[in-house]
Structure formats: structure tokens, C-alpha cells
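Understanding the architecture of this molecule
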Amino acid sequence: MATLNSLKQALKQTALTESLFSKKPLSDAQYSAGFGILAKGSAYQDFIAPQLSQLITNLLTSRTHISVLEIGPGSQTVLRHLPIRLRQKIKRYTAFEPINLFATSLEEWFRSTSSLPSLEGPPDIHQVPFTLNSNMGIYGAERFDLVLFCHSMYGMKPDHQFIEKALGVLVERPEGGIVVVFHRGGVLKFDGLMCHATASFPTGVVSVADDDEVLDCFAQFTAGFTINDTAIRVAWRGVCRTLGNRDEADPSRLWFSAPEIMVAFNRHATMLPELAALMPAGRDADMVKNRQARLHQTASTLKPTNIPQIQQCVRWALAHGASLTVLGGGHSGHCLWPNIIAVDMSAFDNVHVLTAGEDGDLDPIVIAEAGCNTGDIIRQAMTAGLTVPLGARPSVGAGLWLQGGIGHLARLHGLACDAIVGAVVVGVESGAAFCVGRVPRQHWPAGATRPENESELLWAIKGAGTNFGIVVSVTFRAFVAPTYSTRDWVIPLNDKTEARSRLGQFDELVAKKLPRNCSADAYLFWDAGQLRLGVTMFESSTTGTMINTPASTTAAEVEAVLGPAGSSATVDGVGLFESEMYMSEMHGGHGGGKTSAFKRCMFLKNIGEAAMAHELISALETRPSPFCYLHLLHGGGAVGDVVADATAFGCRDWEFACVITGVWPRDQDGAGAAQAAIRWVYAVAADLSPLCCGAYGADLGPDPRDLPFASRAFGPNRSRLARLKHNFDPQNVLAYACPLPRAAEEQRSGRVIVVVTGESCAGKDYCAATWVSLFTEQHLTARAVSISDTTKREYAVATGADLDRLLGDRAYKEQHRPALTAFFQEQVKRRPRLPEEHFLHVVNSATDVDVLFITGMRDEAPVATFSHLLPDSRLLEVRIEAGEAMRQTRRGCRGVDDTADLNGNSGNTGSSNAAGSDHRPSFIFQNDTTGTGAAKCFAGKHLLPFFHEELKQLAKMVSSAPDFPRPGIEFRHVLNIAQQPGGLALCASLLRAHFTGEWAKIDAVVCCEAGGYVFASALALVVNVPLVLIREGGKLPPPIVAVVKSPSHISSSGLSSGSGEKSIEMGRDMIPRGSSVVVVDDVLATGRTLCAMLQLLGEAGVKAEDVSVMAVAEFPVHRGRELLRRRSFGKVNIQSLLVFGGV
């Protein structure tokens, strides 16, 4: 798919080559018509509005209202896309719009709408361009909180001077005013200006009808001029049709890539020269290894030559609200980032080898500074007969070691980050220099200290180190350097069946059986018109004995499966670098060295299984260039020996790291071929995501397409990393490293995700839309999405169905219902985790909202099924019910309820029939009336309270204790609520208010020792209901009822003495049969204690459907609700006041 920028260049070139011509500027009408086509793109809702909302929200932390100057707004201000709670904060609006037609339309639009309801006066719209020579007195001495270039800076050259002029009209008090640019296509050159924040929208697209008249309008607008020449217009149409992408579902339209960027500047934007004067300039972009990074024009690249200069960079960034990237080996695509300061570490290039005993320790170590690359370290270590288990390429640098490091010794010695035992770090909280872990005294920098939370910092460095400071040097544990034997096979594959068979044989008969000192990498690639499986086997030995000797049983077994090796060699650690198959035997040696590549890596197991093999082989069929391939690096062994939470690198349970590699000719960098390869990489990663065990964080960065994979990059460690990121980098100085979730403190209140279920035509979409409106009125961000849209899109791609009609035409959708259902069910067979994938996709696409309503859910018990995936969010289910008469009436209203089940249930989710369901939703709303009144009343009573200040106040009373009762656990002291003034009373009040039943119908409050006693007794007193105590076995006199209880999460974590099964009991006649009870506990984690309590109540004659559970705090990651459902307690009503992530 060609970009708009490449289309523009092609149109201009065509005009030059076709004939001599005289360019004419576009008329207002021509400009307006072309602009109207672009304005229909997805960027406004999907990128501009969310980014602008976040920026304005930040502005409002220091002021109550804002004033806005908008440059080139067009016929309607972009501010109209903001939520009403933000539009209400705009008190003054001024615009410069040079197109008279637009300016007139803008004035008319303001007169006809109250989109900015809090304006203190009429909008001030000037029908003149914003130029460097503009008379700033045109709006007197007024200054603005926000200056907005909403439709790029076309025609405003030089870019940096226009930004400087805009900076000059920002308010001086309060500080924090910003200039914001949204730009589509091309490169902006700000020449030394430093941005405050930046974001990208690489997936933006524009579609245009394949119609001569429309294409004439679109082409001249894109080119920026018109020509009165019929031949040129015809040629331009041909260019558009050649470069435009056609969707099989709608071949009548042409699609073009329209990536967008946002750049924000504050008053410090011009201050960069004062920092640049303190140290040398760094490497030029064309000296950086990653060719995608070369396309990013930094604000400046600086090369500190000593640690004090690194500290100056950090302290300057803290003082000026700036961010930094770190340039080491240069393999990362985000080591350079547009308009951001890069810190070039190449001056720190020393390697020190300390053999056993040199620093008083028995183990040898290697100290490598952050400017070294892997080849430097291996060469230097080998002089002492040592090595370090680093990556497989000689030019990679510290970014790889700090975020994993997968090499050919990983199965024997673990990852590179596992070998890290110490580091010297410049912290980005204050700029202080720290020594962490094992740093020999002679290598301590002057003034360095050990941080108070040293163990936490070392833990984070080992797998996520690029996020927590600027690492100056790393201390590695060293090992005896081995000799390596390598053998290669290239196996032609005649068809998919043979490919799947061969991949299965390789997985089961070779990879799974090799000893740890051996690894076998596989390559799937096309060459000379045929799919091929390449295999390279690496064996390391410190004794000289190799399995490739004729007498070796292992060698014979491998050759029995793969056949005779095509080549073999014996090499040392340096020679190993040239043994990679893609460097020598694929595509003429990596395309003859004249290619560029883009990679993302997913962790896999069982690559020979049918579904996995199918995805891997199918991926190559869609490759956009002949050089694209999949590289499967062998893992397991020592990698999996490390417990997932022992280091920040939490993805341990995998057998292969699948490196999806998109390759294109180097002369196509930044062009359509490069973009097509990148899109292919992301598409394959998304297809593998449901089957994978995690993603490799070393490749991931600020590109929004990386976010779904970043959420899989750290296994169970995400919440802990979020907390540490907040502690070690509170100002987000290292904002462009692998993205981590928001800080745990910000997540405490958590967003709310509401799954809206119910029968077809019960009004699910209508209710969701009504609730979005209600939350928006309360100054909260809310959105409604249909999860079934994802399946409809996939179905449309696979069958050529009309996606727009599937999404918006009920009759058309019903025609396709049987085929849609069959398609979905077949997809689930092939990809069992497809429902989970769809759910995460929807949720991760709406991270900017406070409340997300999801319709179209087709899974039973969504809260029990999916809540563990979102441990920092509150997941609820609201079931919509309506009588048959009302649903029949709504069936005649098109678009009232566009979501329905794809399981063949005619739109009935199954959860709508309470009698037939094995679970109970969070809430049930009876939607038998017309209008929005009842729906709003329901949400006000049951949903809005989750955002009340009382809950936030209660959450703050839950203290945290990191690394208790063992390292890696962040203990939440829920009982601390009772130790705070007013805490117990507040908790009891909230338990009473949030209960969804009727207290008048409750016969008893039940609790189990010890935490439950505290909160249940307070609640029982408030609601005036008898309290029933469940005790440990042997504490009550007969008659009793008793059941066996497994250890709770707290007990099994080491907080309680003793282990194994115990019993719990209560008086036999304490609760009459058939009673309704409320069980109260302090924590819902694994659910084992609660299961035992419910079993005990069942023995006493209390039915599950007559039991409600109220927990003070829930930890969804432990999947307690899922356990309860498996144990047949799904119908129990479960409510939690607070939700916490972590373990």
C-alpha cells in the first residue's frame, strides 16, 4: 500500500515527464473538495482526538480552563472530536484560516452549534494565513494555553521558525502551555528544537472512490497544484490506480497509507543548545545499524565521554521536561526517535576481564561498558579463555543484553540477562550514579553509591534494563570458552503437507532430544521458487569431544531425520558469528548484503503441532518480498530453569523464539516495499499471538503496533515493572523504550470494562451507547465497541463479503449469519485461544478510556474467563433482558441491536437465560421501557459508584510491601484498612452500599477467620443481620458440619505456618436450610478458601444461588472466579470493592 507521500512524489514526477506545463495553485473549491476526502480518514477518532485529549487533560492539572489558537482548522475545528468534559474547559478560541471558503464555513458552524459551550465570547476567526510576518497585534496582547497546527504545516517553511513563532504566544503563567502539530506524511525538520512529547499513528489510511472525477480531485489536492492538461489528468488517474491498494471486499475503492505523527513543544523547546555546548556531538544517523532508525531525525545526538556528562544529560532532561533515547549498538529501531535527544554511548567502549580470584570472588567476570558490542566482548573474553552467553550477532549492543539476549549458549548457560550480576547505572529519577550488585571497587565511578532499593533495580535490569536508567557498564558472570561445531541442512519442501511433516519431525525428533550443549535453529524461507526448511545445529564443547564424529549416536539420529549435512565447520566464538545460515546460505547471503530488515519475535512451543505449523507455513505464502523469512531460535534448557519472577524477563516457558523477518532491497528504505514488509511482520505476529507463550521485548518500542505484544513481553512481572518504572523513572525520561503499563499507583482506581450481554434485540448496543453518554457527561472517557466486529472483518477478508454492510446492514448480516457462524467455529478449532485474542485486541485498542463497554461477546461467564488477563482493571458483566413483545418490536428497528452470537444461537449469548446458565452476571438490567431514562438510572446506581471518591480513599488505605513474603511478591495489606482512622467504618459502609441484593432478605452474614472476621462483624452490625463464624477444625463443640479446606494463597506463599489440607467447621444449626446469606472475606485470590466455605454452606442446606459473596479486595490474576465456576459455584453472586493487579 503506497503512502500519500510516495503518491505525491509520483504525481509530480509524472507531470514533469509527460509534458511541459504551467502549474496553477488550487482554488478554494478544489482545495476544499480534496481536503474533504482526506478528512474522512480514521485519524481523527483513532489518533488525533485521543492524543489531544491526553495533552489537554495534562494542561488542566495546572489550570481550570484553557484558551486555544488553531492554525488552519478547515471548515470545522478539530476540537469537536474531543469529549464534552474537555470541550467545556475551552473558554477562548482563535483561528487563522486562509481559505475563505473554510473560514466562512467555520464561522457558520460555530453559529449553528454549541460544540464549545463554555466560550466567554464569540470565536475570533481570521481569514488570513499564519505567517512569520503576521502582525501578532491582530489579536492584541492575548496569549494562549494551546497553539494547535491540526492539519499539518504544509507551506510553512522553515518548520522550526513557525514553531518558535507559536511558542512566542504561549501564556507565561501558569506554565505548561504547549504547541501541538499533527502532520500526515513527509518529514518535518525542526532543526534543533526539542519536543516535549511525540506519538505516531502508522496505521492511518485514506480511501478514495475509483472514479475519474473523484480521482482528478484527489490527485490535484495530493500533488498540491492543478494543471489544465487532459493528458496529465489521465496519467494521474493511472498513477493513483497503480499505487492504490484494492480491497477484495470493496474493489471500487483505492486505499493509501496515511501515517500521522503528533509533536508537542513546550517553552523549553529552544533550550537544547545549552546542553549541546557541554559535550561532543554523537554519531550521524547514517552510522547507525538499524536503517529504520536512520529515518528518524533526532533533536540532537550527544556523545558524553564521561559519567558526569551522562548525569548532565539526565538532569537537563528532568529540568526541561524532556525525554531521552540511548544509542548503543544501534540495532533498535527506536534508538533514535524523531525530535528526541539521543545519548550516544559509543565513548564507553572498554571491556575488562577479571579471572577467578582477581576481585576476591571465585567466579570470573567480564565488565563491559555500554558502548561495546557483542563481538568486542567475545574477542576480549576469549583472550582469557572465557566467554559470556550473549546474542548471535557481533554488532548488537547493550540494549539486547539488558532485555534478554538469546544466543547459542542459552540452552546451556541461560540468557545474556541471566548472566548479569552487577551494573553501573545513572538513575533517571535524579541523575545520581549507582553501583548495583557486583561491581569491583576499582570500577566504581567517583561519587557513585548503592541505591536503597538495590535488589529491585538489579532485578529490573535483568530483562527490562532499558527502562530504568542509563546503564554505563554491566558485570557478567563468565564461563569457559567452548569450541563450536556447526552443521547445516537445507531441505526443499514440495508442498504444505511435506512442510508440516518435516517441521514436526524436526521439532519432535531433533530439537526436543538434543542435549543442552546443543541447539538447532530452523529457517523457513523461499528460494528459487520453492519453500525450504533450513536447519543449523550448534554444539559447544570445552573438551573437544563433538557429536558430529562418525561414532556419535546423536549425530546418527539427527542425520536419520534430516539426511546428511550439507556443510559443517568447527569454529571458535568469533567464527560462530559467520555461521548463521542467513549470512551465508539464504538468498545469496542475506540478499547479497544489500537489504534492510524489520523484525519482531514471538515465543513458541510445539512448533510441529498442526495449528502452529499451519500458521508458520502460511505466513510465508503472504510474504511481500522474496527475502522475507522466519528464523526459529532454539530455546528451552537453562532458559526455562529460571523461575519467571526471578528476573524481569518473565517469559520462560518456550522452546523457540520465532523471529519474523521482513526484508526488502536497501534502496527501498522508507518506501512502499519497506512498509509492506513491516505490515507483514506485524500481521504474522498477530496471527501467532494466540498460539504464542509471549513476545520478545528487545524489539518493541513506542510504535503503537507494538503495544499488544508488549503486554505479553514480561509474563507475570508487568505489575511489578509498572511500579518500579514509576519509582525509578517518575518523569518518564526513558519514554521510548519497550512500553510498560502505567504505574501501579495510577492503576489502583483502575478502569472499568463492562461486557454487555443479552438476547438479540434486548437493546445491548442502545444501552451501551446510552451509558457512554452518561459517563461522558460525568467527565469520564467512555467508549462502546463490538467484539464481533473483529470476526466480521476476518470473514470479509476471507470471503470477499462487504465489510461495511456486515457492520451496518442487519439484513445483509443475517444473510451471512450461517457462514459467519461456521467461519468463527472453524477459526476457534484452528486457534483455540481466539476468543482471548479478540478480547485482548478490543481492550488493548481502547487503553485511553476510563470505561469500555463491549457488546457482541459470545463467551459464557466472561468475568470468570477473562478477568485474569486484565488484573489491573475491573471487569463486569451486565446482562440486558427484555420481554418477548419488546424484543419483537425492536426487531423492526434497524440498528437497535447490531451484536449477536456467532455460535449458532440466533443471537442468544446463552447468558440471557438465567435458568440454563451456570454463571451469574454482575448485574441484570430489565430493558422493557423506551427511552434512555431507565438505562441511565441503572448506570447511575450500579456503575458510576465504581468511580466515587470513597472507593479511591479505601484503596489508598491498602498498604503495599514489596518482596514479601518472598522476592517478587508485592503484598497488599488489606487488613491495614481496619488500622486507619475511620477505615473500618468506611469499608462497612461501602460493602453495604455496593451490595446488589436486598439486605432485608438476608438471613446471615458469614465469614471465616481471620480477615473475614474483621470486616464481616462491622458489616453485620451496620445492616443488623446475625453474624455466623466459620472456624478452623477442632475449635467448636458438636454438633457441627465440616469440610476439608486446601491452603489459601496467603498460606501457600509462606505467611502461615504449616501446610497441607485442614478442615473448617460451623455449628450445624446456625443457619436454617434455605436461608439467604452474604459471605464476607478480606481477599478473593485463588478462591480455594471461598470454595471450602461454599461447600460448607451447601452441607448446611444453603443453595449456591442463595449465596452472595462480598470481598474487600480481589486479585484476578489468581483466577479465583474461574475455580469457583469449575467447582459448580458459578451462580454465586460475587462482588469486590477493590481490584488489584500483581500476585
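To start, this report covers the structure provided alongside it. (Residues numbered from 1 in each chain as written. Predicted model: local features only at pLDDT ≥ 70, side-chain atom pairs only at ≥ 80, totals over all residues. Heavy atoms only, no water.)

Turning to the overall build of the protein chain, a few remarks are in order. Helix and strand counts for the protein chain come out as 40 helices and 42 strands. Expressed as lengths along the three principal axes of its C-alpha atoms, the size of the protein chain is roughly 100 × 85 × 65 Å. A buried classification covers 57% of the 1143 residues belonging to the protein chain. Here the contacts in the protein chain between residues at least 6 apart in sequence split such that 77% fall between residues at least 24 apart. When the accessible area of the protein chain is evaluated, it comes to approximately 44,100 Å², of which 51% is carbon and sulfur surface. Once the 106 positive and 115 negative side-chain charges of the protein chain are each reduced to a mean point, those two points are 2 Å apart. (Helix = DSSP H or I, 4+ residues; strand = E, 2+ residues; numbered from the N terminus. Buried < 20%, exposed > 50% of the residue type's maximum accessible area, 1.4 Å probe, protein only. Contact = heavy atoms within 4.5 Å. Areas by Shrake-Rupley, 256 points an atom, 1.4 Å probe, with all protein chains shown as cover. Lys, Arg positive; Asp, Glu negative; His and termini not counted. Charge placed at Lys NZ, Arg CZ, Asp CG, Glu CD.)

Time to look at the pairing of strand S6 (residues 197-201). S6 sits mainly inside the fold: five of its five residues count as buried. Of the two faces of S6, the one carrying Ala 197, Ala 199 and Phe 201 and the one carrying Thr 198 and Ser 200 are both buried. By the bridge criterion, five bridges tie S6 to strand S10 (residues 260-265) in an arrangement that is antiparallel. Pairing of Ala 197 across the sheet is with Ala 264, part of S10. (Pairing = 2+ DSSP bridges.)

Further remarks concern the pattern of salt bridges. One pass over the structure, following the stated rule, counts 40 salt bridges. For Glu 260, the salt bridge goes to Arg 184, with nearest N and O atoms at 3.6 Å. With Glu 260 in strand S10 and Arg 184 in strand S5 (residues 178-184), this residue pair connects regions lying 76 residues apart in the sequence. Across the pair, Arg 184 and Glu 260 agree in class, each one buried. Notably, a salt bridge pairs Glu 454 with Arg 450, separated by 2.5 Å at the nearest N-O pair. The network of salt bridges with shared partners includes Asp 210, Asp 212, Asp 216, Arg 237, Arg 241 and Arg 246. (Salt bridge = Lys/Arg side-chain N within 4 Å of Asp/Glu carboxyl O.)

Turning our eyes to something else, we now look at the side chain of Lys 725. Topologically, Lys 725 is positioned in helix H24 (residues 718-728). For Lys 725, the side chain forms a polar contact with the side chain of Asn 467, separated by 2.9 Å. (Polar contact = N/O pair within 3.5 Å; in protein donor to acceptor, adjacent residues only side chain to side chain.)

Taken in spatial order, the five strands make up an open sheet running S30-S31-S29-S32-S33, and their pairing is parallel. Each edge of the open sheet is held by one strand with a lone partner, namely strand S30 (782-786) and strand S33 (923-926). Taken over all neighbouring pairs, the strand axes of this sheet differ in orientation by 25 degrees on average, direction set aside. Pairing of S30 with strand S31 (residues 851-855) involves five bridges; the strand directions are parallel. Of the residues in S31, the one forming a bridge with Ala 784 is Phe 853. Across the sheet, helix H34 (residues 933-942) is in contact with strand S32 (874-881) and S33; its angle to S33 comes to roughly 160 degrees. (Axes fitted to C-alpha atoms, helices over the stretch in contact; angles between N-to-C directions.)

Another aspect to go through is the packing of helix H2 (residues 28-38) against helix H5 (residues 100-112). Between H2 and H5, the shortest axis-to-axis distance is 8 Å and the interhelical angle comes to 65 degrees. Note on element contacts: H5 touches H2 through Asn 100, Leu 101 and Phe 102, opposite Asp 28, Ala 29, Tyr 31, Ser 32 and Phe 35. Classifying every residue of the contact of H2 with H5 gives five nonpolar, two polar and one charged. (Nonpolar A, V, L, I, M, F, W, Y, C, P; charged D, E, K, R; others polar.)

Pairing is parallel in the open sheet, where three strands are placed in the order S11-S13-S12. Each edge of the sheet is formed by a strand with only one pairing partner; in this case those strands are strand S11 (300-302) and strand S12 (324-327). On average, each strand axis in the sheet is tilted by 25 degrees relative to the strand beside it, whichever way the strands run. Two elements, S12 and strand S13 (residues 341-344), share four bridges in a ladder whose sense is parallel. Its bridge partner being in S13, Leu 327 is matched across the sheet by Asp 344.

In terms of burial, strand S42 (residues 1133-1139) is a largely internal element, seven of the seven residues being buried. The parallel pair strand S41 (residues 1107-1114) and S42 is bridged by helix H40 (residues 1120-1126), and the resulting crossover is right-handed. (Right-handed = clockwise from strand over helix to strand, strands pointing away.)

Scanning all chains against the criterion turns up 37 aromatic pairs. Centre to centre, the rings of Tyr 93 and Phe 110 are 5.1 Å apart; their planes meet at 45 degrees, and the pair counts as tilted. Here Tyr 93, found in strand S2 (residues 90-96), pairs with Phe 110, found in helix H5; they are 17 residues apart in sequence, far enough to count as distant. Summarising the burial analysis for this pair, Tyr 93 and Phe 110 share the class buried. Arranged with centres 4.9 Å apart and planes meeting at 70 degrees, the rings of Phe 190 and Phe 265 form a pair that is edge-to-face. Of this pair, Phe 190 sits in the loop between S5 and S6 while Phe 265 sits in strand S10; the two residues are 75 residues apart in sequence, bridging distant segments of the chain. Phe 265 matches Phe 190 in its accessibility class, with the two residues each being buried. An aromatic cluster is defined as three or more aromatic residues linked by ring pairs; in this entry it consists of Trp 771, Phe 775, Phe 853, Phe 923, Phe 925, Phe 938, Phe 946 and Phe 947. Above the plane of the ring of Trp 444 lies Arg 441, whose end atom (NZ or CZ) is 3.9 Å from the centre. The cationic tip of Arg 720 hangs over the ring face of Trp 459; the distance from NZ or CZ to the ring centre is 3.7 Å. (Phe/Tyr/Trp six-rings, centres within 6.5 Å; stacked < 30°, edge-to-face > 60°. Lys NZ or Arg CZ within 6 Å of the ring centre and 35° of its normal.)

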